[in-house]
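So the chains spell out like this:
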Amino acid sequence: MTQDTTVTAADDAESGGGPDRTLPGAGDRPPVGRGWTARYTIASTGMWLGVLTPMGVQLARQAEKFAPESKTELLGLATGVGALVTMLAVPLLGAASDRTRSRFGRRRPWIAGGAAVGALGLALLSMAPGPGWMLAGWVVAQLGLSSVQAGLVATVPDRVPREQLGSVAGWAGLSQMLGALLGTVVVNQLVKGLSAGYLACAALVLVAVVPFLIGHAERDARAGAGSHAGDDARAGQGLRAVAVEPKAPRPVVVTAGGARRGLREPDVLWTWVSKFLVVLGFALITQYLLYYLTDELRVPDPQRATMMITAVTVLSAMASALGAGRWSDRVGRRKVFVAGGGLLMAVGGTLMAVAPAWPVALCAGLLVGAGFGTFLAVDLAVVASVLPSARDTGRDLGLFAVAVAAPQVLAPVLAVPVLAVAGYGGLYLLVALVTALGGVLVLRVRSVA
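The protein chain appears in an unreviewed UniProt entry as MFS transporter from Streptomyces stephensoniae. Heading Subcellular location (unreviewed entry) of the UniProt record for the protein chain holds this comment: "Cell membrane".

Take a look at the structure:
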């Protein structure tokens with residue numbers, strides 16, 4: 001891998017140097033401890049619980065309650081509108097956090113405020129009298145939870161050194177699966193009733209972020225406070241280094257050989273497309289799992305069956321995420337894990353398509369979970385390695401969040417006509433195609449091993 005140099009416009013102006021000056025202190029990020037990782041995982045789990053429990057369970061029930069004859073269309077509209085909000089909000093809120101100057105730092109105000117707004121949206125969903133209020137509540141919830149996501153994801157490159165990226169990314173991936181599992185258990189077993197389930201999710205979102213907000217110390221980010229300008233320049237430890245040429249309107253990466261890299265650099269694009277396709281496949285599975293079990297497999301208790309498959313998928317994902325993240329740190333390789341994760345998901349999708357039976361669905365859930373957990377564990381490390389800007393991590397990681405949100409918009413657009421023409425067999429063959437392609441495309445990234 002070529003050696004990069006890091007310079008910012010502010011540093012260059014202060015020193016009078018040119019774009020070849022190496023940023024001092026770029027490697028001084030201390031390792032994160034278990035306490036920091038645990039607090040991050042809890043906060044991320046709460047955020048994902050607030051996002052995935054409505055998408056996987058509650059919205060489907062609410063759509064069936066309000067529009068039993070057109071439940072798939074209403075569910076698709078709700079998830080699509082919510083994902084569109086996320087697509088727009090995460091990059092914008094991430095960019096806003098990059099430029100936030102407060103006594104509490106750059107990220108914590110957006111995490112705290114987002115959790116409050118997200119909880120409010122979930123409370124509105126609990127009181128929704130019809131489809132219109134259901135859509136409005138979900139938009140508010142997604143807006144708030146997008147702020148939490150933007151703040152949390154930016155803290156990884158802000159705080160985590162390169163040699164720990166895989167391990168921390170593994171816990172981040174685990175939190176997504178754990179949030180889905182806990183949310184499913186809460187609304188199916190612990191809290192009965194649609195409204196009570198939404199309120200429980202709102203409370204858990206708020207409680208989960210508190211330890212991180214207290215324990216994650218950020219330097220006073222107000223103008224002139226401490227040496228925050230230096231922190232900004234070093235905020236991307238673990239990312240590719242950044243350079244800004246004189247008069248250049250946006251950051252670019254300058255390698256030792258002189259090649260310049262920006263957000264349109266091929267490695268960034270291939271990483272984005274890979275993430276988009278794998279998440280699209282997972283969205284196609286999860287959004288229609290309840291209806292697959294109800295209408296295709298005709299299981300006696302679809303809600304219980306959904307919880308069982310979700311549990312199998314999540315437990316498999318948790319085990320694979322932790323193992324893959326640590327293993328990738330140990331061997332210093334990332335792409336093979338991402339590709340393997342996509343291919344495992346493709347096998348699971350193929351099984352659901354060609355053998356629609358309850359035991360096969362359980363086995364498919366195991367494979368999909370193992371594949372998605374492996375992908376999640378290492379994908380964040382790949383993303384962090386190809387981003388061009390250390391000063392704009394919130395903005396740039398927000399653009400990758402679009403690769404997570406956009407599939408939620410596209411999934412129902414693809415699923416409705418595919419289901420009409422080819423049924424669930426055709427839908428899950430599509431899952432196999434997009435996840436396999438997404439996994440393989442990461443191999444085109446040249447700057448990551």
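Student: Give me the overall build of the protein chain: which residues, what numbers.
Tutor: When its secondary structure is counted, the protein chain shows 14 helices and three strands. Relative to its full complement of 449 residues, the protein chain shows a buried share of 60%. Across the protein chain, every contact between residues at least 6 apart in sequence was considered, and the portion connecting residues at least 24 apart equals 81%. Of the roughly 17,200 Å² of accessible surface on the protein chain, a fraction of 66% belongs to carbon and sulfur atoms.

Student: I'd like a rundown of the environment of Lys335, residues and numbers included.
Tutor: Examined against the element boundaries, Lys335 turns out to sit in helix α12 (residues 335-354). Residue class for Lys335 comes out buried when judged on its relative accessible area of 15%. In sequence terms Lys335 and Val382 are 47 residues apart; their C-alpha atoms lie 7.6 Å from each other.

Student: Before we move on, could you go through the side chain of Thr306 and cite the residues and values that matter?
Tutor: As for its placement among the helices and strands, Thr306 is situated in helix α11 (residues 302-331). In this structure, Thr306 is in contact with Leu289, Leu290 and Leu293, ignoring residues within four places of it in sequence.

Student: Now, about the nonpolar core: what can you tell me, with residues and values included?
Tutor: Core analysis: the largest hydrophobic core is formed by 115 residues, its most contacted members being Met134 and Tyr428. No other element matches the 15 residues that helix α14 (residues 393-441) contributes to this core. When near neighbours in sequence (up to four residues on either side) are disregarded, Met134 contacts Leu59, Gln62, Ala63, Phe66, Leu74, Ala78, Leu125 and Ala128.

Student: Tell me about the packing of aromatic side chains, and please be specific about residues and values.
Tutor: Scanning the entire structure with this criterion turns up nine aromatic pairs. Their ring planes at 10 degrees and their centres at 3.9 Å tell us that Phe282 and Phe372 sit as a pair that is stacked. One end of the pair, Phe282, is in helix α9 (residues 266-287); the other, Phe372, is in helix α13 (residues 358-386), and 90 residues separate them in sequence. Judged by relative accessible area, which is 1%, Phe372 ranks as buried. Each residue in the set Trp36, Tyr40 and Phe212 is aromatic and connected to the rest through ring pairs, giving one cluster.

Student: Quick one: what's the story with the packing of helix α4 (residues 108-126) against helix α7 (residues 194-215), residue by residue and with numbers?
Tutor: Between α4 and α7, whose axes approach to 7 Å, the crossing angle comes to 170 degrees. The angle between the axes of α4 and α7 places the two elements in the roughly antiparallel class. In this structure, α4 contributes Arg108, Ile111, Ala112, Ala115, Ala116, Ala119, Leu122, Ala123, Leu125 and Ser126 to the contact, and α7 contributes Ser195, Tyr198, Leu199, Cys201, Ala202, Val205, Leu206, Val209, Phe212 and Leu213.

Student: Give me helix α2 (residues 34-66): which residues, what numbers.
Tutor: With 33 residues, α2 should cover 48 Å at 1.5 Å per step; its first-to-last C-alpha distance of 45 Å lies within 8% of that length. The buried count for α2 comes to 25 of 33 residues, which makes it a mostly enclosed element.

Student: Explain α11 to me, using residue names and the numbers behind them.
Tutor: Side chains that are three or four residues apart share a direction in an α-helix, a result of its 3.6 residues per turn. Here α11 contains 30 residues, and its C-alpha end-to-end distance of 42 Å stays within 8% of the 44 Å for a straight helix at 1.5 Å per residue. Looking one or two residues beyond α11, the residue adopting positive phi is Gly332, at roughly 70 degrees.

Student: Give me the pattern of salt bridges: which residues, what numbers.
Tutor: This model, assessed by the stated rule, comprises three salt bridges. For Lys275, the salt bridge is made with Asp379, and the minimal N-O distance between the two is 2.4 Å. With a gap of 104 residues between them, Lys275 in helix α9 and Asp379 in helix α13 connect regions that are remote in the sequence. Look at Lys275 and you get buried, because its relative accessible area is 12%.

Student: Just give me the short version of the side chain of Arg107, but keep the residues and values in it.
Tutor: Inspection of the secondary structure puts Arg107 in the loop between α3 (71-98) and α4. For Arg107, a relative accessible area of 0% gives the class buried. Engagement of the side chain of Arg107 in a polar contact is seen with the side chain of Ser97, the distance being 2.6 Å. A distance of 2.9 Å separates the side chain of Arg107 from the side chain of Asp98, its partner in a polar contact.

Student: Report on the environment of Gln408, specifying residues and quantitative values.
Tutor: Mapped onto the secondary structure, Gln408 falls in helix α14. Note on Gln408: relative accessible area 12%, which makes it buried. When the C-alpha atoms of Gln408 and Ala283 are compared, they prove to be 6.2 Å apart, with 125 residues separating the residues in sequence. The contact partners of Gln408, leaving out residues within four places of it in the chain, are Met55, Thr79, Gly80, Ala83, Val279, Ala283 and Gln287.

Student: Explain the packing of α2 against α7 residue by residue, including any values.
Tutor: One way to put it is that α2 packs onto α7 with a least axis distance of 8 Å and a crossing angle of 165 degrees. By the angle between their axes, α2 is roughly antiparallel relative to α7. The two elements α2 and α7 meet at a crossing, and its hand is left-handed.

Student: Could you give me a rundown of unusual backbone geometry, with the residues and numbers involved?
Tutor: Phi at Arg298 takes a positive value of approximately 55 degrees, unusual for a residue other than glycine. Along the chain, the position of Arg298 falls in the loop between α10 (289-296) and α11.

Student: Tell me what's going on with a nonpolar patch on the surface, and back it up with residues and numbers.
Tutor: The grouping of Leu84, Leu88 and Leu92 at the surface amounts to a nonpolar patch, some 320 Å² of accessible area in total. Assignment of secondary structure puts Leu84 in helix α3.

Student: I'd love a proper account of the environment of Gly425, names of residues and values included.
Tutor: Among the secondary structure elements, Gly425 is positioned in helix α14. The spacing of Gly425 and Ala355 is 70 residues in sequence and 8.6 Å in space, taken between C-alpha atoms.

Student: Let's hear about the confidence of the model for the protein chain: which residues, and what values?
Tutor: Model confidence for the protein chain is summarised by a mean pLDDT of 78, while 81% of its residues fall at 70 or above. Within the protein chain, no element has a lower average pLDDT than helix α1 (residues 9-15), which sits at 33, and none a higher one than α4, at 95. Confidence drops under a pLDDT of 50 for residues 1-27, and excluding neighbours within four residues, the segment shows 49 contacts in the predicted structure.

Criteria and cut-off values
- Residues numbered from 1 in each chain as written.
- Predicted model: local features only at pLDDT ≥ 70, side-chain atom pairs only at ≥ 80, totals over all residues.
- Heavy atoms only, no water.
- UniProt positions renumbered as here; feature names shortened; annotations may be inferred.
- Helix = DSSP H or I, 4+ residues; strand = E, 2+ residues; numbered from the N terminus.
- Buried < 20%, exposed > 50% of the residue type's maximum accessible area, 1.4 Å probe, protein only.
- Contact = heavy atoms within 4.5 Å.
- Areas by Shrake-Rupley, 256 points an atom, 1.4 Å probe, with all protein chains shown as cover.
- Core = buried A, V, L, I, M, F, W, Y, C linked by side-chain atoms within 4.5 Å.
- Phe/Tyr/Trp six-rings, centres within 6.5 Å; stacked < 30°, edge-to-face > 60°.
- Axes fitted to C-alpha atoms, helices over the stretch in contact; angles between N-to-C directions.
- Parallel < 35°, antiparallel > 145°, perpendicular 65-115°, else oblique.
- Expected span 1.5 Å × (residues − 1).
- Salt bridge = Lys/Arg side-chain N within 4 Å of Asp/Glu carboxyl O.
- Polar contact = N/O pair within 3.5 Å; in protein donor to acceptor, adjacent residues only side chain to side chain.
- Left-handed = near helix turned anticlockwise from the far one by under 90°.
- Patch = residues over 30% accessible without salt bridge, like charges linked within 9 Å, V, L, I, M, F, W, Y side chains within 5 Å.
- pLDDT = per-residue confidence, 0-100.

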